[in-house]
Amino acid sequence: MRTRGGKYIVISLKQPPIPIIKDDPDEMEVIIKCPYCGQETKVGLTYMISGFVGCKNCYFEEGGLFDTTMYLKRFDYPSYVNGGFYNEGYLANKKKWKERKKKIEQQY
Ligand SMILES: [Zn+2]
């Protein structure tokens, strides 16, 4: 992994430290690459659910990190716990959302 300055920031204890792209004295303004979707984002614009970190680009979207985590918690607990889905990343999980949404709807 290439980093500028080689500095890292720990956002979640469930994940390895994230390389800093642009440092700032204000920690919320520090720019990192979102570990879930890969977009550059500010630390202050990240969100966490069950220890998994996303950003404003990938967290609230339909089929994003929030939806995916809640879905797996309910329907695929082992994947929820081991975080394999998280390593697959945002786009891979978003593709699966249509199927997952169907499964959720069938429950009601
Ligand atoms: Zn993101």
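Use the structure listed above.
Residues numbered from 1 in each chain as written. Predicted model: local features only at pLDDT ≥ 70, side-chain atom pairs only at ≥ 80, totals over all residues.

Undergrad: Explain the overall build of the chain here, please?
TA: Looking only at helices and strands, one finds 5 helices and 6 strands in the chain. When the backbone C-alpha atoms are referred to their principal axes, the chain occupies close to 50 × 25 × 20 Å. Taking all 108 residues of the chain together, the buried fraction comes to 25%. Of the contacts formed within the chain by residues at least 6 apart in sequence, a portion of 27% connects residues at least 24 apart. (Helix = DSSP H or I, 4+ residues; strand = E, 2+ residues; numbered from the N terminus. Buried ≥ 20, exposed ≤ 12 C-beta atoms within 10 Å, placed from the backbone. Contact = placed C-beta atoms within 7 Å.)

Undergrad: How should I be thinking about helix H1 (residues 65-75) in this particular structure?
TA: Every α-helix winds through 3.6 residues per turn, so residues three or four apart in the chain are directed the same way. By the burial criterion, the buried members of H1 are Leu65, Asp67, Thr68, Thr69, Tyr71 and Leu72. Residues of H1 that are buried sit in contact with strand E5 (46-49), strand E6 (52-55), helix H2 (77-82), helix H3 (84-88), helix H4 (90-95) and helix H5 (97-106).

Undergrad: I'm lost on the sheet that holds strand E3 (residues 31-33) in this one. Help?
TA: Within a sheet, neighbouring strands are paired by backbone hydrogen bonds and run either parallel or antiparallel to one another. The strand order across the open sheet formed by 4 strands is E1-E2-E3-E4, and the pairing between neighbours is antiparallel. Looking at strand neighbours, the two that pair on one side only are strand E1 (8-9) and strand E4 (40-42), the edges of this open sheet. Note: E3 against E4, 3 bridges, orientation antiparallel. Opposite lysine 33, over in E4, you have glutamate 40 as the bridge partner. (Pairing = 2+ DSSP bridges.)

Undergrad: What exactly am I supposed to notice about the pairing of E5 here?
TA: On a regular strand, each side chain points to the face opposite its neighbour's, so the side chains alternate between the two faces of the sheet. Relative to E6, E5 is paired through 4 bridges, and the arrangement is antiparallel. Counterpart to tyrosine 47 in the pairing with E6 is glycine 54. Taking the residues between adjacent antiparallel strands as the criterion, E5 and E6 are bridged by 2 residues, where serine 50 takes a positive phi near 50°.

Undergrad: What exactly am I supposed to notice about the environment of threonine 68 here?
TA: Assignment of secondary structure puts threonine 68 in helix H1. Remark: the alpha-carbon pair of threonine 68 and asparagine 93, spanning 25 residues in sequence, is separated by 7.1 Å. Those residues in contact with threonine 68 that lie beyond four places of it in its chain are Gly63, Phe85 and Asn93.

Undergrad: Which parts of the structure should I look at to understand the nonpolar core?
TA: For soluble globular proteins, the rule of thumb is that nonpolar side chains tend to be buried together. Of all hydrophobic cores here, the largest spans 15 residues; its most connected members are Cys34, Tyr36, Cys37, Cys55, Cys58 and Leu65. Counting only elements with at least two residues in this core, the list comes to E6, H1 and H3. In this structure, cysteine 55 is in contact with Cys34, Cys37, Gln39, Thr41, Leu45 and Thr46, ignoring residues within four places of it in sequence. (Core = buried A, V, L, I, M, F, W, Y, C linked by C-beta atoms within 7 Å.)

Undergrad: When you look at unusual backbone geometry in this model, what are you seeing that I'm missing?
TA: Generally, phi is negative for residues other than glycine and the peptide bonds are trans, each holding for most cases. The phi torsion at serine 50 lies on the positive side, around 50°, for a residue other than glycine. Relative to the elements of secondary structure, serine 50 occurs in the loop between E5 and E6. Residue classification places serine 50 among the partly exposed positions, given that 15 C-beta atoms sit within 10 Å.

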